[in-house]
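One letter stands for each residue in the lines below.
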Number of protein chains: 2
Amino acid sequence: MQQHSTLGREVDIDRFWQDVQTQARIGALPEGGLGRLALDESDIEARLWLIEQAASLGASAFHDPIGNLYLRREGRSPELPPLLIGSHMDSQPRGGIYDGALGVIAGLAVLRTLHEQDITLECPVEVVSWTNEEGARFAPGTPGSAWFAGVRDIAAIMASRDDAGVSFEQALAPCLEAMEARGSTKRETPFSPSAYLELHIEQGPVLDAGQLPACVVVGIQGVNWYRFRLQGRANHAGTTPMDMRRDAVMGAHALIRELENCVNRRGSQVRFTIGKFSVAPDSINTIADEVSFTVDLRHPDGSVLAAIDDDFAALAATHWQGCPATLERLSSIAPVTFDSAILASLEQKLETYATKAPRLVSGAFHDAIHLANLCPAAMLFVACRDGISHHPDEHVEKDDAAVAVRTLTDTVLELAQG
Amino acid sequence: MQQHSTLGREVDIDRFWQDVQTQARIGALPEGGLGRLALDESDIEARLWLIEQAASLGASAFHDPIGNLYLRREGRSPELPPLLIGSHMDSQPRGGIYDGALGVIAGLAVLRTLHEQDITLECPVEVVSWTNEEGARFAPGTPGSAWFAGVRDIAAIMASRDDAGVSFEQALAPCLEAMEARGSTKRETPFSPSAYLELHIEQGPVLDAGQLPACVVVGIQGVNWYRFRLQGRANHAGTTPMDMRRDAVMGAHALIRELENCVNRRGSQVRFTIGKFSVAPDSINTIADEVSFTVDLRHPDGSVLAAIDDDFAALAATHWQGCPATLERLSSIAPVTFDSAILASLEQKLETYATKAPRLVSGAFHDAIHLANLCPAAMLFVACRDGISHHPDEHVEKDDAAVAVRTLTDTVLELAQG
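Residues numbered from 1 in each chain as written. Chains lettered and ligands numbered in written order. Predicted model: local features only at pLDDT ≥ 70, side-chain atom pairs only at ≥ 80, totals over all residues. Heavy atoms only, no water.

- In the annotation of an unreviewed UniProt entry, the entry for chain A reads Zn-dependent hydrolase, and the organism field reads Halomonas litopenaei.

**Some remarks on the interface of chain A and chain B**
Thinking step 1. Residue-level contacts link 59 residues of chain A with 58 residues of chain B.
Thinking step 2. Summed over both sides, the interface between chain A and chain B buries roughly 5,300 Å², with carbon and sulfur atoms accounting for 54% of that surface.
Thinking step 3. Applying the counting rule to chain A against chain B returns four salt bridges.
Thinking step 4. Between Asp289 of chain A and Arg94 of chain B there is a salt bridge, with its nearest N and O atoms 3.5 Å apart.
Thinking step 5. Here chain A is connected to chain B by 34 residue pairs in polar contact (both at pLDDT 80 or more). (Contact = heavy atoms within 4.5 Å. Buried area = accessible area lost by both parts, 1.4 Å probe. Salt bridge = Lys/Arg side-chain N within 4 Å of Asp/Glu carboxyl O. Polar contact = N/O pair within 3.5 Å; in protein donor to acceptor, adjacent residues only side chain to side chain.)

**Description of the domain arrangement of chain A**
Residue and element names in this part refer to chain A.
Thinking step 1. Along its sequence, chain A is carved into domain 1 (7-221 + 335-417) and domain 2 (222-333).
Thinking step 2. Between the C-alpha centres of domain 1 and domain 2 there is a distance of 34 Å.
Thinking step 3. Every contact between the two is made by 16 residues of domain 1 and, on the other side, 14 residues of domain 2.
Thinking step 4. Both faces considered, domain 1 and domain 2 share a buried interface measuring about 1,000 Å² in area, 66% of it formed by carbon and sulfur atoms.
Thinking step 5. Among the residues domain 1 hides against domain 2, the three largest losses belong to Gln221, Pro335 and Phe365. Together they make up 55% of the total.
Thinking step 6. Here Lys276 and Asp163 are joined by a salt bridge, their closest N and O atoms 3.0 Å apart.
Thinking step 7. Put simply, domain 1 and domain 2 have two residue pairs in polar contact (both at pLDDT 80 or more) between them.
Thinking step 8. Here the residues of the side of domain 1 that touches domain 2 sort into seven nonpolar, six polar and three charged. (Domains from an automatic or database assignment. Nonpolar A, V, L, I, M, F, W, Y, C, P; charged D, E, K, R; others polar.)

**Here we look at the nonpolar core**
Thinking step 1. Phe16, Leu102 and Phe338 of chain A are the most contacted members of the largest nonpolar core, which totals 110 residues.
Thinking step 2. Looking at this core, the element that brings in the most residues is helix α3 (residues 101-116) of chain A, giving 10 residues.
Thinking step 3. Split by domain, the residues of this core number at least three in each of domain 1 (7-221 + 335-417) and domain 2 (222-333) of chain A.
Thinking step 4. Sequence-distant contacts of Phe16 of chain A, defined by excluding residues within four places in its chain, comprise Leu102, Ile105, Ala106, Ala109, Ala401 and Val405 of chain A.
Thinking step 5. Formed by 109 residues, the second largest nonpolar core is a distinct cluster that contains Trp17, Ala24, Ile26 and Leu172 of chain B. (Core = buried A, V, L, I, M, F, W, Y, C linked by side-chain atoms within 4.5 Å. Buried < 20%, exposed > 50% of the residue type's maximum accessible area, 1.4 Å probe, protein only. Helix = DSSP H or I, 4+ residues; strand = E, 2+ residues; numbered from the N terminus.)

**Brief notes about the pattern of salt bridges**
Residues and elements named next belong to chain B.
Thinking step 1. In the structure shown here, the tally under the stated rule is 50 salt bridges over all chains.
Thinking step 2. Linking Glu31 and Arg94 is a salt bridge whose minimum nitrogen-to-oxygen distance equals 3.5 Å. Here Glu31, found in the loop between α1 (13-24) and α2 (41-56), pairs with Arg94, found in the loop between β3 (83-88) and α3 (101-116); they are 63 residues apart in sequence, far enough to count as distant.
Thinking step 3. Of the charged contacts, one joins Asp311 and Arg266 as a salt bridge, the two residues approaching to 2.9 Å between their closest N and O atoms. Here Arg266 lies in the loop between α8 (248-264) and β9 (271-273) and Asp311 lies in helix α9 (residues 302-316), a separation of 45 residues in the sequence.

Following this line, the structure appears as structure tokens:
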């Protein structure tokens, strides 16, 4: 199949980019960007759009009990484990149009290229869109790939609720129904892929700063999610002397200072973010009786994460300005390293289309973190402007994305020859 | 009228307490306490209930353009400026059943006693329920009495909006309509009362700790309300190095530390409360691009408030963790001192029913703060358990309230003799 070794050159980049723009209209925000929360109306609409593409790709659609959607192009040996290309279609509440979707659309481009060139590979190739990768609606994120890889229990996922109290199971039911009605076939169980490839925007500044279109990703930081709660005592803001208060806001403020100190002691690779912070009763002249805030903690070294976890538990065991604290561990994902053979293959293909780029460790987590524990896996990063993501200003250059999708295509060709 | 000098003994305390319990059912929370926000359905229902009482009190109902409701008992000289007894019926989102309502119901008890004893005083006596004293729905609080006293412009009040974006004017319209339909007469303009009396729970621990039922209040702390905003930069929690962030939560945290320091320098009489705190986009794995929080600042000395105000403005003029800050002054109410002659009268009457209690300065603000600038005014405090208010646990003993309402009755009798 030598003539195909640079099949990537045949990818219809204009069509690929048109698909990127089409999906971006589903759940678009008035101010720009994307607000497509997992299993909301726009997320369901995006899935139905994917199913509609299947025919023109020479593929058929399947979905599993957790809502993951697969588009399968049959291989010469249908009994072989499929090569899986995946990412996600859900976004942050005020997110960009590339985070996740670019990787799924890149998968479509691969299938379309194979279809147009009338190439049937040895093993089946499937493009998967994982459910709720962001975790912005149902925490923690990546339940779809976590269930597929057998590392998370489906019952716990189904029971998780969004801020409005809607359970994952309640939100999923109409989605499964709609996909089935649109012609997708139900699959009961996961399978073991021959390999997994994920193309994603970097969500960091390195490639953009180096004017590099894309690079291979050698691994992913570990991620721990926490919720801290402080119990205060609601009382009148004007009549309660400062020394007689149990103010949950001031307690949280004191606790956060110590969390900061204990994280800063661990060096510059640590990432520490308080993304959610809520106060009750949230009244201007009432002392807060409860504060709840989340922590997103990341590091490439699992032992450092474990040490910080111990520190957090110790801090949550004491009172802050008279307010007892509690620590809830929402999720914990260990760091991973990707498959060296696939990384070598990706890197070689990449050099057909771009200058050699440094290998990166992903600061963001991705569905690939779970797949890497199931089969040989690796990722490709595409440069994003100023490293901005999870924001409407998120931007990717068409030419940079083209380099990555061509590289992906050539790598699929090599891996799926069997 | 010597025989009436202790008319307070004739107050039907059981009926008074029954009225307190009746109003507490309007907007009652499942967990106990009261959630009767200004101009919501339950607040309107409470007003209609008051109008229904008028007949049995020998009174007639009036309302003004801002929704303040007046129940008037005519005097022998209708042309004389009325003696005004008032408080408010609205509550905190999760408040108690006595804060505000006790003072209005005490006014009803005075009118009922005059009616049952068939006493017509020289000047008219009116019981007023002021709109939105708490300011929990529409900030700032006390717009009803502030407009009545001519210190706040009606247009600005009408334009203020609740957290759902509903304007005061939109919420008021159905309320005015309902009161008119229930037989209340519209009054276009405020008037200058001969005097103003307000009975209110202490909302502090002093009386309860001293096992004292009630006391007179010599003045009210000044209150400034502020909103601080910090502008950050939304970005991915995993990929953005700590030293490249503009995290609005961490900026707010650093600013709050300095606000605390500058307030603590001003001594123990200051009251400093951060009651509302909101984060955008409020996602667990996105760095916050905006934080907004409120400050409730109180002190009996206006010059100390002015000095802290200057400090706040200076702090808001700088960046915090790279995040620019802004300071919005939501309201400012200067401290007041009440009328010495009325205080003497109240204190003398109080001693008929209870042992002499120390005079207090109110830590909470009340509608009386505005009336004090319009006419001779004073307040009576009733003990509340543990000083707890703005909370469902707020509690008042019937016997303590009885002492205060009897004292109020005797004082009205004296002041309204003309």
